[in-house]
Amino acid sequence: MTHPSESTAISKTSRSGRWRALIFTLFGFVALLTGLSLFGDLQSVRAALRDFDWRLMPLILALTLWNYGWRYVKWNRFLQALRIPRIPGPMNLAVYLSGYSMSITPGKVGELVKAVYIRRINGTPVNRTSAAIAAERITDAIAMLILALVGLLEYNYGRPLVAVVALVMLVGIIAIQKPAWLHAALDWLMRFSRLESPIVHARAFVDASNQLYKPKLLTQAVGLGVISWAGECVAFYLVLIGLGIDAGWQLLLTATFILAVSSLAGGASMVPGGLGVADASVAGMLVLLVDDPSMNRAVAAAATLIIRFATLWFAVLLGAIALPIVERYIRRISPGAIEPLASHE
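Worth saying up front: this structure is predicted, and the values here are computed from it rather than measured.

Caption draft 1: Focus on a nonpolar patch on the surface. On the surface, Trp 66, Trp 70, Val 73 and Ile 227 cluster together into a nonpolar patch covering about 330 Å² of accessible area. For Val 73, the location among the structural elements is in helix α3 (residues 57–81). The class of Val 73 is partly exposed, set by a relative accessible area of 30%.

This is the structure in structure tokens:
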């Protein structure tokens, strides 16, 4: 058990980590504003934001919560498949939401904080729970690929990216379903003594992952992903309507395609939160693909700011609220349970 003074020091370290995350978030948001202002004239962007129908914002945020809700269902399906003890009541939701505070880390690897919190609460090894986090990301990517397909027949933009991501996903899933291959590779790497500890964790990760990519569970997870992310696609559609673009099935199709492809581009870039990559993709594709007199660079920049606030930054805010709630809960159930986030035993 951690000594009380050590627990206090660790708690202070955790708080400083949250401050660093907050500073990075603010820096990223300022950089995003600056970049989009350069894409569209600042005064014109302000005018577009001023003219936006802000009465739609509650519904847009509700659709974002729809996305988070179904992804939470998927997360619990994965934990159940791994036989990880369920955390009681609302705290289970708080642990899940805490991962969103790390949405702006490269590849969202910061979401491992969920696995660390679960270990602190019920002792499940991080290398086991992290398999569920990876499965979340992979099934989300597959869901976005499916949503992107609705526009690939009509638009040429993004086809190489979608093809590459689809190929990587396919190879990865096949490899996970053949754990003997991966264990053979790990046996070869065991010759290097410095890799012994990481390989032990990698073996546990491979064994846990193998349970999450069985055809039935994989199909359910991808289905939940399509349902959840479709909510954000509709939210983006409403953003465009709020900016004066004529409503219609063609606009919904275009909004779905743009959000799906830009999300894939942002994820593939490994840039924290897809900052810059996803934003540039959204704004650029809006100008290229939306055939409407009201669409211009300023409206595209405004649409990007609004949808990114309603998705990425809204998620970061929810996660930042959940983090201290989870840490207080852990201190209450076990004063010595607060351990360094770097510990992954």
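Past the structure itself, the notes keep going.
Caption draft 2: Summary view of helix α10 (residues 215–242). For α10, built from 28 residues, the straight-helix expectation of 40 Å at 1.5 Å per residue is met to within 8% by its first-to-last C-alpha distance of 40 Å. Downstream of α10 by a residue or two, Gly 244 has a phi angle that is positive, lying close to 100 degrees.

Caption draft 3: Local environment of the pattern of salt bridges. The tally for this structure, following the rule as stated, stands at eight salt bridges. The shortest N-O distance in the salt bridge between Lys 74 and Asp 140 comes to 2.6 Å. In this pair, Lys 74 is assigned in helix α3 and Asp 140 in helix α6 (residues 126–152), connecting sequence segments 66 residues apart. For the pair Lys 74 and Asp 140, a shared accessibility class is recorded, and that class is buried. Sharing partners across several salt bridges, the network here consists of Arg 71, Lys 74, Glu 111, Lys 114, Glu 136, Arg 137 and Asp 140.

Caption draft 4: Seen up close, the nonpolar core. Residues Ile 60, Leu 212, Phe 236, Val 239, Leu 240 and Leu 286 are the most contacted members of the largest nonpolar core, which totals 93 residues. Apart from residues lying up to four places away in sequence, Phe 236 is in contact with Ala 255, Ile 258, Leu 259, Val 282, Leu 286, Ala 303 and Ile 307.

Calculation notes
Residues numbered from 1 in each chain as written. Predicted model: local features only at pLDDT ≥ 70, side-chain atom pairs only at ≥ 80, totals over all residues. Heavy atoms only, no water. Patch = residues over 30% accessible without salt bridge, like charges linked within 9 Å, V, L, I, M, F, W, Y side chains within 5 Å. Areas by Shrake-Rupley, 256 points an atom, 1.4 Å probe, with all protein chains shown as cover. Salt bridge = Lys/Arg side-chain N within 4 Å of Asp/Glu carboxyl O. Helix = DSSP H or I, 4+ residues; strand = E, 2+ residues; numbered from the N terminus. Buried < 20%, exposed > 50% of the residue type's maximum accessible area, 1.4 Å probe, protein only. Expected span 1.5 Å × (residues − 1). Core = buried A, V, L, I, M, F, W, Y, C linked by side-chain atoms within 4.5 Å. Contact = heavy atoms within 4.5 Å.

Any functional reading would require information that these geometric values do not contain.
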